[in-house]
Amino acid sequence: MSTPTATDLLPRLSDAAAGAVREGGDGDAVDGMPCRWVVSPADTPGVSAVLRVAHDEGLAVVVRGGGTKLGWGSPPERLDVILDTTRLDGLVDHAAGDLIAVVGAGRRLDDLQADLGAASQWFAVDPARRGTLGGLVATADGGPSRLLYGPVRDLVIGATMVRADGVVAKSGGKVVKNVAGYDLGKLLTGSLGTLGVITEVAVRLHPVAPAHRYVTVPVVSTRHAHALVQGVIHSHLVATACELDQPADGAATLAIRLDGIRPGVEARTAGALELLGAGAEASDDPPAWWGTEPGAPGDVRLKLTHEIASVTALLDIVAEASDRASVPVDVRGSVAVGTVTAALRAAHHQHDRAAVADLVDHLRAACSRSVGASGAGGTGGSVVVRDADPETKARLDVWGPVPALDLMRRVKHQLDPTRVLAPGRFVGGI
Amino acid sequence: MDVEALTAVLTPVLPEGAVITDHQRLRTYECDGLAQYRVVPALVVVPETAEQVAAVVAACAERGIPFVARGSGTGLSGGALPHADGVLIVLSRMRAILEIDRANQRAVVEPGVINLQLSNTTRPDGYYYAPDPSSQQVCSIGGNVAENSGGAHCLKYGFTTGHVTGLELVTPAGELLRIGGKAPDAPGYDLLGAVVGSEGTLGIATSVTVRLTRTPESVETLLAAFPDTDTAGQAVSSIIGAGVIPAAIEMMDALAIEAAEAAVHCGYPAGAGAVLIVELDGAAAEVRHQFDQISEYCTAAGAFEIRIAQDDAERALFWKGRKSAFAAVGRISPDYIVQDGVIPRTALPEALRRITALSVERGVRVANVFHAGDGNLHPLVLFDDAVPGEAERAEEVSGAIIDLCIELGGSITGEHGVGSDKAKYMPRMFTADDLDTMQLVRCAFDPSGIANPGKIFPTPRMCGEVPGRHQGAHPLVEAGLAEQF
Ligand SMILES: Cc1cc2nc3c(=O)[nH]c(=O)nc-3n(C[C@H](O)[C@H](O)[C@H](O)COP(=O)(O)OP(=O)(O)OC[C@H]3O[C@@H](n4cnc5c(N)ncnc54)[C@H](O)[C@@H]3O)c2cc1C
């Protein structure tokens, strides 16, 4: 493989993307790594043509949708081409009677929700964001409503992908019920663009409920948080979402969302007020923090998963790790699902990246203790670093221990043996 | 394959009596629920632990011997069809419910656990396992995982894949791995998503962690009788169009009703050209209100009788007719093919009209039973094998129905799987590149192609890096281990 130079490759990429290519600028860097070109193909064949060039020439390609989560994962080892999907933004089909839509991967989620809203339907991932559908699938980052509607992967019923070698492949279909062949959509969901470029996604939709309410309650202790979550999940409230907000220096709040027809929501709201107890309040509007990331831009953010019965352990472990490292940590997320985000406050860690690295190690060690040993147990979950500045990331193990890593490497090796797609970004240096 | 040599290797690592070589006993495993395909396996093993399964698979991997997993053998696509030169690994002795963890809404079970057995165990605690195939009294959770099985209530609750959070898996290389667990979102690729529904071609599940679902506060069931399937289909469209997602909407046509009456005397309204069973569950206040709405839609669409189940016994009677429909067809026809195809729900009236036309044109009776809410058709194509030519005509009609599903934008299978039976149809739904890409994933798990070969894919793929393999005909084909369609 000869070392490609800008002069011979630019025309080829330009041909492949029908002219939609430019040189990369400062704003196109990924985790501090600059890219040489940004290509914006308009359709699946265009993506295929770009990847064929990249594959032939040994270029490294990172896919970019809205660019809102581009900092997730390890920094890429190499980077030549940013493949921008925002022109793949068609609403290919919205079959309202079948509750499905086929959508270009580059369509923005807020645009998609607006399309569907006209038919009183929605794609059950909230809140509507600036990011693209393809980016959402690649990051598997659903919102609070996952409790009722399931994770992103359960909403994806079909996918068109372009392999690293340019071959276009579909799986699934346009019907919700379908078991023909392997479900590659699930494998692509959460793969951070390392297995293929998603160009079109078929999703299942849900009707928008006519009424909703939020019920919010102050949380007085980590045991109280656990008791509330257990109360909610074992009740008949059928909460759409159940979110906890635990700021580093303030009182925690638990909030649930209820959806349905007016009389049903009212009856369940009354039930929720009673169940959640002292201080519970109902409202039509969510708390200000609902569905947003904790902390401030620039914070190091971690995704923590946990068994849903380990809420006390989770919160205690975070508090202890935070004290130990003297780094304030805000926690927010879907405690009845088992995923929360922790934000390590920037002002306090900028000068001391070692403290952050130490905190992450400590969290991992504590969370991986066996679950249930009273008081001192682990959470049964994992700790993954999401946002962090490149220097901090360089000192961290972004992914932590990964079970079945060898099998994952084999999957990557089959689909992208020459490591065209986002080399180094995923688990184990995949 | 050298049966004696393998028997000698396996006997010491398995419990007494767990290696079966006697031909008569081997024959009892020659088919699954799709009895038209029969192959006597070279060897059957009945392991009791994950380590024993791993040892058997490792022995197969070392020798390049194919293996097939079998749960309860109720599959309807020949997925558990044995291999003549391979080992059938039967999981029916791995039937322990290992843990019920109510606080985490999870259960951990061995693969041979019967679907209904799990729900029966957890119901007193207010929980159940939601995926409910009609075969739930006999099928295994391991089989459900392999087939990504559905059931009547999957309209609201989703299929097996949404209810499995962890697996212990023996890979085709004989490694024992854990993927997922009780917590969600393990870092890395969603291997669980790839394995569930892979029909035993990516390994053998030796333990399954499943989500338990809270039993609903309220359940209401109605049975509505319509003059014909068109009007019943209209009611389905109105219900879904109004933004109501019932737990289940099931339809049966006149011939299916006739069969069910003959078999289980379910007492459905006389003279119905179609019946719908609609079940709503959830919070009491919602269910009551929406139930009235649904009754109105049924009446508006032309229902001439609506019965509302007054208690669990009556509900069970409504369901009895539906759940026994496949077997019941045996009462009105000596032989029948159970088809499983999917269409977009809105195409239901067109699909039914065209199936009727096909039936009239070819002189083959077709009874229709289906999950109307999600467009999953189960046409039962009736024939008499004793009459020359009937079986072939039935096979043609059955195939034409699958073509119709594809043409209408649906799928060749909604829940029974591809197995041996439908591999030949896969190229009608997927391109060679689509299938090639799926098989690349298979190569990652099973580079020598020994896990349930010949299923799903019409043409096996070379995996590239298997040492000692050569180009040309696929080694499995050469060795007579797989067929090329
Ligand atoms: C009357 C009747 C009604 C039915 N109704 C439905 C229905 O409503 N919905 C539905 O989805 N299906 C239905 N089925 C089909 C069948 O019951 C399901 O596919 C079921 O999941 C098969 O389970 P099993 O234990 O019998 O598996 P088997 O038939 O033994 O095996 C099925 C497949 O799973 C593989 N397998 C089995 N165990 C494992 C394991 N531990 N690890 C890996 N692979 C394994 C086998 O190799 C095979 O490919 C019905 C069948 C009958 C006979």
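So, how was this worked out
- Residues numbered from 1 in each chain as written.
- Chains lettered and ligands numbered in written order.
- Predicted model: local features only at pLDDT ≥ 70, side-chain atom pairs only at ≥ 80, totals over all residues.
- Heavy atoms only, no water.
- Axes fitted to C-alpha atoms, helices over the stretch in contact; angles between N-to-C directions.
- Helix = DSSP H or I, 4+ residues; strand = E, 2+ residues; numbered from the N terminus.
- Left-handed = near helix turned anticlockwise from the far one by under 90°.
- Contact = heavy atoms within 4.5 Å.
- Nonpolar A, V, L, I, M, F, W, Y, C, P; charged D, E, K, R; others polar.
- Salt bridge = Lys/Arg side-chain N within 4 Å of Asp/Glu carboxyl O.
- Buried < 20%, exposed > 50% of the residue type's maximum accessible area, 1.4 Å probe, protein only.
- Expected span 1.5 Å × (residues − 1).
- Domains from an automatic or database assignment.
- Buried area = accessible area lost by both parts, 1.4 Å probe.
- Polar contact = N/O pair within 3.5 Å; in protein donor to acceptor, adjacent residues only side chain to side chain.
- Near = heavy atom within 4 Å.
- Areas by Shrake-Rupley, 256 points an atom, 1.4 Å probe, with all protein chains shown as cover.
- Pairing = 2+ DSSP bridges.
- Phe/Tyr/Trp six-rings, centres within 6.5 Å; stacked < 30°, edge-to-face > 60°.

Caption draft 1: Summary view of the packing of helix H14 (residues 405-415) of chain A against helix H16 (residues 432-445) of chain B. Direction vectors running N to C along H14(A) and H16(B) enclose 145°, while the axes themselves pass 8 Å from each other. As for the relative orientation of H14(A) and H16(B), their crossing is right-handed in sense. Contacts between H14(A) and H16(B) pair Leu407(A), Arg410(A), Val411(A), Gln414(A) and Leu415(A) from the former with Thr437(B), Leu440(B), Val441(B), Cys443(B), Ala444(B) and Phe445(B) from the latter. Looking at the contact of H14(A) with H16(B) residue by residue, the class counts come to eight nonpolar, two polar and one charged.

Caption draft 2: How the structure looks around the pattern of salt bridges. Residue and element names in this part refer to chain A. Applying the stated criterion across every chain, the model contains 55 salt bridges over all chains. With a closest N to O distance of 3.0 Å, Glu77 and Arg419 form a salt bridge. Pair noted here: Glu77 is in the loop between strand E3 (61-64) and strand E4 (81-84) and Arg419 is in the segment after H14, with a separation of 342 residues, a long-range link. For Glu77, a relative accessible area of 44% puts it in the partly exposed group. Residue classification places Arg419 among the partly exposed positions, given a relative accessible area of 26%.

Caption draft 3: Fine view of helix H14 (residues 390-407) of chain B. All names here are of chain B. For H14, spanning 18 residues, the distance from its first C-alpha to its last is 25 Å, which sits close to the expected 26 Å at 1.5 Å a residue. Within the sequence span of H14, burial applies to Ala394, Val397, Ser398, Gly399, Ala400, Ile401, Ile402, Leu404 and Cys405. The inward-facing, buried residues of H14 abut strand E16 (335-338), strand E17 (341-342), helix H13 (348-362), strand E18 (366-371), strand E19 (376-383) and helix H15 (426-429). Backbone geometry just downstream of H14 places Gly409 in the positive-phi region, at approximately 90°.

Caption draft 4: Up close: the domain arrangement of chain A. Residues and elements named next belong to chain A. Partitioning chain A into structural domains gives domain 1 (10-86), domain 2 (91-207), domain 3 (211-283) and domain 4 (300-394). Using only C-alpha atoms to locate each centre, domain 2 and domain 4 end up separated by 30 Å. Across the boundary between the two partners, domain 2 contributes six residues, which contact five residues of domain 4. Summing both sides of the interface, domain 2 and domain 4 together bury roughly 370 Å²; the carbon and sulfur share of this comes to 52%. For the pair domain 2 and domain 4, the number of links is one residue pair in polar contact (both at pLDDT 80 or more). Here the side of domain 2 that touches domain 4 is built from residues that sort into two nonpolar, two polar and two charged.

Caption draft 5: Seen up close, the site of the ligand. All names here are of chain B. As a structural note, the neighbourhood of the ligand is formed by 33 residues, with Ala69, Gly71, Thr74, Ser135 and Ser140 the closest of them. The separation between an oxygen atom of the ligand and a polar side-chain atom of Asn144 is 2.8 Å. Backbone polar atom of Gly150 to an oxygen atom of the ligand: 3.0 Å apart, as the coordinates give it. Relative to its free-state accessible area of 970 Å², the ligand is covered by the protein chains to the extent of 93%. At the level of secondary structure, the elements contributing two or more residues to the shell around the ligand comprise strand E3 (67-70), helix H5 (141-147) and strand E10 (204-211). For the shell around the ligand, the element with the most residues is H5, which contributes five residues.

Caption draft 6: Broad picture of the sheet that holds strand E1 (residues 19-20) of chain B. All names here are of chain B. The mixed open sheet is built from four strands, whose spatial order is E1-E2-E4-E3. Where the open sheet ends on each side, the last strands, each with one partner, are E1 and E3. Summarising the sheet, E3 and strand E4 (residues 87-90) pair through four bridges and their orientation is parallel. Of the residues in E4, the one forming a bridge with Val68 is Leu88. Relative to strand E2 (residues 43-45), helix H1 (residues 3-10) is tilted by about 15°, and along the sheet it contacts E1, E2 and E4. Across the sheet, helix H3 (residues 50-63) is in contact with E2, E3 and E4; its angle to E4 comes to roughly 165°.

Caption draft 7: View of the packing of aromatic side chains. One pass over the structure, following the stated rule, counts seven aromatic pairs over all chains. The interplanar angle of 40° and the centroid separation of 6.2 Å between the aromatic rings of Trp289(A) and Trp290(A) together place this pair among those described as tilted. Given the relative accessible area of 11%, Trp289(A) is considered buried. For Trp290(A), a relative accessible area of 10% corresponds to the buried category. Taken together, a centroid distance of 6.4 Å and an interplanar angle of 80° make the contact between Tyr128(B) and Tyr157(B) edge-to-face. In this pair, Tyr128(B) is assigned in strand E7 (residues 127-128) and Tyr157(B) in helix H6 (residues 154-157), connecting sequence segments 29 residues apart. Feature note: the residues Tyr214(A), Trp289(A) and Trp290(A) constitute an aromatic cluster, connected by ring pairs.

Caption draft 8: The arrangement of the side chain of Ser324(B) in detail. If you trace the backbone, Ser324(B) turns up in the loop between helix H11 (312-323) and helix H12 (325-328). Within the structure, Ser324(B) has its side chain in polar contact with the backbone oxygen of Gly321(B) (distance 3.5 Å).

Caption draft 9: Spotlight on unusual backbone geometry. All names here are of chain A. A positive phi angle is found at Ala18, which is not glycine, with a value near 50°. You can see Ala18 is positioned in the loop between helix H1 (6-16) and strand E1 (21-23). In this structure, Ala422 is a non-glycine residue whose phi angle is positive, near 45°. By secondary structure assignment, the location of Ala422 is in the segment after H14.

Caption draft 10: Looking closely at the environment of Ala270(B). For Ala270(B), the position within the fold is in the loop between helix H9 (254-264) and strand E14 (274-282). A relative accessible area of 71% places Ala270(B) in the exposed class.

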